[in-house]
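Fold and contact review
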Amino acid sequence: MVERHQHWEDVYSKKATDQVSWFQLHAASSLRLIAESAGTDAHIIDVGGGASVLVDDLLAAGYGNLSVLDISAAALQAAQARLGTSASRVHWIEADITRLQLPQASVDVWHDR
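My aim in this report is to walk through the structure given alongside it, one point at a time.

Rules of the game
- Residues numbered from 1 in each chain as written.
- Predicted model: local features only at pLDDT ≥ 70, side-chain atom pairs only at ≥ 80, totals over all residues.
- Heavy atoms only, no water.
- Buried < 20%, exposed > 50% of the residue type's maximum accessible area, 1.4 Å probe, protein only.
- Helix = DSSP H or I, 4+ residues; strand = E, 2+ residues; numbered from the N terminus.
- Pairing = 2+ DSSP bridges.
- Right-handed = clockwise from strand over helix to strand, strands pointing away.
- Axes fitted to C-alpha atoms, helices over the stretch in contact; angles between N-to-C directions.
- Contact = heavy atoms within 4.5 Å.

Moving on, we come to the pairing of strand S1 (residues 43-47). The element S1 is largely enclosed, with a buried count of four among its five residues. Judged from the five bridges that link them, S1 and strand S2 (residues 65-70) form a sheet pairing that is parallel. Following the sheet pairing, histidine 43 is matched in S2 by asparagine 65. Note that the unit made of S1, helix H3 (residues 54-60) and S2 has a crossover that is right-handed. Looking at chain direction, S1 and strand S4 (residues 109-111) are connected through three bridges and run parallel. Within the sheet, the bridge partner assigned to isoleucine 45 lies in S4 and is tryptophan 110.

A separate point is the sheet that holds S1. On the basis of which strands lie adjacent, the open sheet formed by four strands has the order S3-S2-S1-S4 and parallel pairing. Each edge of the sheet is formed by a strand with only one pairing partner; in this case those strands are strand S3 (90-94) and S4. Between one strand axis and the next, the sheet turns by 20° as a mean value, whatever way the strands run. Pairing analysis gives five bridges linking S2 to S3, with the strands arranged parallel. Each residue of the ladder has a partner; that of aspartate 70, found in S3, is glutamate 94. Contacts from helix H4 (residues 73-83) reach S2 and S3 within the one sheet, and its direction differs from that of S3 by about 160°.

Following this line, the structure appears as structure tokens:
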């Protein structure tokens, strides 16, 4: 059995980010729900966000307290490369969410598709 971490590293190392079955050009529904429930100063985490473009859209909408968490370093690197210098405005977390303990009350919106 392939370890979970290695599985996701393989996926993002072997496929372009727009070639995975869950790719969305824009995460319109998620963006709408976040906008309806939180202001631009909210602390938002995109769990399993990897190479998702949700973070791009959130930055463009003026959100500033963003974290993207994924088990795959390759996925996070793809997103960082796509964002260029804007990537420094995001807190990137490489971790398995099932084994990570976030600080209490550190998140206002938890996004996980």
